[in-house]
Each structure stands twice: as C-alpha cells, then as structure tokens.
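# Structure assessment
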Amino acid sequence: MEKSAVAAQLSQQFGLESVQPVMNPIGNGHINTTMLLKGDKRAVVVQKLNTDVFPNPEHLVENARAIEQHLTEKANNGEYRLNIIKHLPTLENNYLVNLNDGVWRALEFIGGSYSEDIVDSADKAQAAANAFGLFAKALEDFEARQLHHVIPDFHNLAKRIDTFEQTLAKDSHGRAAKCAAEIVFCQSQFSLADELQTILKSIPLRPCHNDTKINNMLFCSKTNQSKAVIDMDTCMPGYWLFDFGDMVRTFCSPEAEDSLNLDNVIVREEIFSAIVKGYVEPLADTLTEQEKQSFLLGAKVMPFMIGLRFLTDYLDGDNYFAIHRADHNLQRARNQFKLYQDVLAKEPLLTRILAKY
C-alpha cells in the first residue's frame with residue numbers, strides 16, 4: 001500500500017477531517033516508524049510499531065496509557081507541570097490499528113516544541129534532566145509491578161552478555177574478525193554485570209522510563225525550557241540508575257552516538273554536573289542513599305551495555321537497530337565504548353560531583 005493510501009486510512013480511522021492528508025517522517029528513532037499525519041485542521045503523530053521488538057503491542061499501549069492517566073491526575077492536582085503525551089482512540093475506540101501488514105497507533109502532537117540530538121549547553125542538560133526527574137517523582141506512588149515487561153530483561157546486563165556470547169559463537173555473518181579488538185575489550189569488562197547484580201539487591205524497584213535519551217525530551221520553542229517527556233514505549237519496572245546512566249550516555253558527549261570522531265567522544269564534566277543537579281532536585285525527598293550511590297555505576301553500565309548491544313547486532317547481521325550505512329552498528333559500538341572508557345577515566349571526578357548534591 002502506498003504511503004498516501006496508508007495516510008488516508010489512518011486519517012479516517014483516527015477521525016482527521018482531511019480530503020488529502022499528508023504524512024511525513026518525524027524524529028529519528030531506531031525502532032518504530034514515526035510519522036506526522038496532517039489533516040486539514042490538526043496533526044497527530046502516528047507510529048508503525050516494530051512488532052519484532054514489541055511482540056505484544058497491546059501491553060505497550062496498556063503501560064503507556066496507565067502512566068498517562070497517573071500523570072494526568074498529578075497534573076490536575078498541580079503536582080506535575082509538564083505536558084503529557086496521550087494516546088488517541090480510533091472512531092471505534094481502539095488504540096491500535098492493523099493496517100498494511102503493520103500495527104499502528106496515534107499520539108497527540110505537541111506543537112511549539114523541538115527535540116535535540118546533541119546537548120549544546122549545561123542549561124539544556126539541566127532542564128532535560130529535571131524533566132526526567134519530575135517524571136520519576138510523579139510516578140513514585142505508582143506501583144511498578146502493575147506494568148508489563150514489554151521487553152523482558154531490557155537492562156539485564158548478564159543476559160545481554162549471554163546473547164553476545166551466543167551470537168559471537170555462531171558468527172553467522174563472518175564479522176568477528178573485523179571487530180576482534182572490540183570483542184576482547186568487551187570480554188575484559190564482563191565483571192560489571194556482577195557489580196550490577198550486587199547493587200540491585202539494595203535499591204527499590206521503580207516505574208522507570210528506561211530510555212531517557214536527550215531526544216525523548218521536548219523543549220519549548222519559545223522558552224527553551226522542558227515541555228514534555230515523550231516515548232513511553234519502554235516504561236517498565238526498573239531502577240533509577242539506568243535512567244540516570246542513559247542521560248549520561250546521551251547528554252555528556254558532544255558527538256552523536258554514531259559519530260566517527262572518537263577523539264571528541266568524552267564526558268563533559270559541566271554537563272554531568274548539570275544532569276546530577278537537574279535530576280536529583282525533584283527526587284531529593286525520595287532518593288535513597290543506596291540509589292544515589294548506584295548512579296555512577298549506571299553511568300558506566302549504560303554506554304557499555306548499549307555498545308555491547310550494537311556490537312551484538314553487528315555480529316548478528318543488523319537485525320535490531322536500523323542502519324544507514326555499512327558497519328553502522330560497529331561504528332556505534334566503538335563510539336559507546338569510547339564514552340564508557342572516559343567515564344572510567346574520570347570516575348574520581350564524577351564521584352565528587354555526585355557527592356556535592
């Protein structure tokens with residue numbers, strides 16, 4: 001089915017009044033296909049869900065809608081100031097549409113906003129981290145265990161290591177020789193999984209965003225302040241150290257996660273400090289001492305684990321993350337390992353920054 005026909009069908013299903021709706025790509029996510037569908041009077045965001053990654057899209061929507069409802073109650077009580085991304089029902093009151101061999105959904109479009117792929121200032125970092133902190137704070141009284149595990153073991157480093165080792169043993173695409181140095185480096189860091197397992201025993205399970213990339217936060221076009229936390233797809237039971245670590249992973253480097261300029265892939269200390277300040281401030285009365293102590297481990301685990309996942313996908317023939325050039329996932333892996341190494345090199349400094357707040 002051509003894109004125009006898909007646009008017409010979705011427009012009809014979700015009640016957009018339009019003679020000739022227009023649908024164009026928006027965002028740059030690796031997993032789902034995200035489009036802005038414009039009718040005559042309004043626009044909505046539509047997504048074709050990747051059902052290989054999310055085999056139970058109903059669970060994804062149930063999780064997101066439960067969180068939407070909780071945040072809406074908080075907002076109505078004056079306890080949450082950010083905009084809330086909401087799912088839109090079809091005219092028949094369904095939240096998923098089967099169309100063109102795919103599963104689609106629609107979300108409210110928040111205008112007057114923009115997203116960033118690279119953090120260009122400490123102020124932006126602090127605003128974004130504060131938004132994720134406000135999101136976490138608003139969910140502190142939400143029972144994490146009521147959420148579905150839409151991607152089981154999403155942040156389970158031990159499982160990611162097992163998958164890597166199995167994929168490496170098969171080497172079904174004959175790529176291991178090309179990344180021998182990266183393989184040896186990964187294997188030298190596997191004790192990180194044991195350290196993680198030990199810490200997780202001492203901190204509370206929380207409802208977590210689990211994908212706190214800088215481009216999952218919208219800024220206001222007029223004020224440049226935080227406007228909305230978006231992309232609830234991976235909201236699941238988890239631990240705040242992962243959300244903190246993913247902010248470090250995606251905020252701190254002045255380079256994109258697939259940049260080839262590895263000499264410039266570093267942890268900017270002023271950005272790290274802004275993340276800590278912004279994220280901890282709304283959580284000050286909730287955060288346990290053990291959780292705070294776990295944050296530096298999160299800053300190590302997330303770039304290493306994402307790098308490991310990129311490398312695994314490269315060895316497996318690029319089946320998970322969308323690629324746009326040859327060796328893209330290998331280049332992403334090298335980038336993330338470089339960032340991880342800089343976290344290790346700056347660990348004493350980063351520890352002192354965390355202690356300040």
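### Comments concerning the pairing of strand E3 (residues 43-49)
Two faces make up the sheet, and in a regular strand the side chains alternate between them. Taken across its seven residues, E3 has five buried, putting it largely inside the fold. Of the strand pairs in this sheet, strand E2 (residues 33-38) and E3 are connected by six bridges, and their pairing is antiparallel. In the strand pairing of E3, Thr33 is matched with Lys48. Hairpin remark: E2 followed by E3, antiparallel, with four residues in the connecting loop.

### Some points on the sheet that holds strand E11 (residues 226-229)
Spatially, the four strands line up as an open sheet ordered E4-E11-E10-E8, and their pairing is mixed. The open sheet terminates on both sides in strands that have one partner only, identified here as strand E4 (83-84) and strand E8 (113-114). The sheet contact formed by E4 and E11 spans two bridges and is parallel. Within E11, the position partnered with Asn83 by the bridge is Ala228. Packing of helix H3 (residues 122-138) onto the sheet brings it into contact with E8, strand E10 (217-220) and E11, and relative to E10 it is tilted by some 120°.

### A few points about the nonpolar core
Membership of the largest hydrophobic core comes to 86 residues, with the highest contact counts inside it found for Phe244, Phe251, Phe272 and Tyr279. If you tally residues by element for this core, the top one is helix H9 (residues 289-315), at 14 residues. Non-local contacts of Phe272, meaning those with residues more than four positions away in its chain, are made with Phe244, Val248, Cys252, Val267, Leu350, Ile353 and Leu354. Phe14, Val46, Leu88 and Ala106 belong to the second largest nonpolar core, which has 15 residues in total.

### A few points about the pattern of salt bridges
Scanning the model with the defined rule gives 16 salt bridges in all. Of the charged contacts, one joins Lys300 and Glu347 as a salt bridge, the two residues approaching to 3.3 Å between their closest N and O atoms. One end of the pair, Lys300, is in helix H9; the other, Glu347, is in helix H11 (residues 347-356), and 47 residues separate them in sequence. The exposure class assigned to Lys300 is buried, which follows from its relative accessible area of 7%.

Criteria and thresholds
- Residues numbered from 1 in each chain as written.
- Predicted model: local features only at pLDDT ≥ 70, side-chain atom pairs only at ≥ 80, totals over all residues.
- Heavy atoms only, no water.
- Buried < 20%, exposed > 50% of the residue type's maximum accessible area, 1.4 Å probe, protein only.
- Helix = DSSP H or I, 4+ residues; strand = E, 2+ residues; numbered from the N terminus.
- Pairing = 2+ DSSP bridges.
- Contact = heavy atoms within 4.5 Å.
- Axes fitted to C-alpha atoms, helices over the stretch in contact; angles between N-to-C directions.
- Core = buried A, V, L, I, M, F, W, Y, C linked by side-chain atoms within 4.5 Å.
- Salt bridge = Lys/Arg side-chain N within 4 Å of Asp/Glu carboxyl O.

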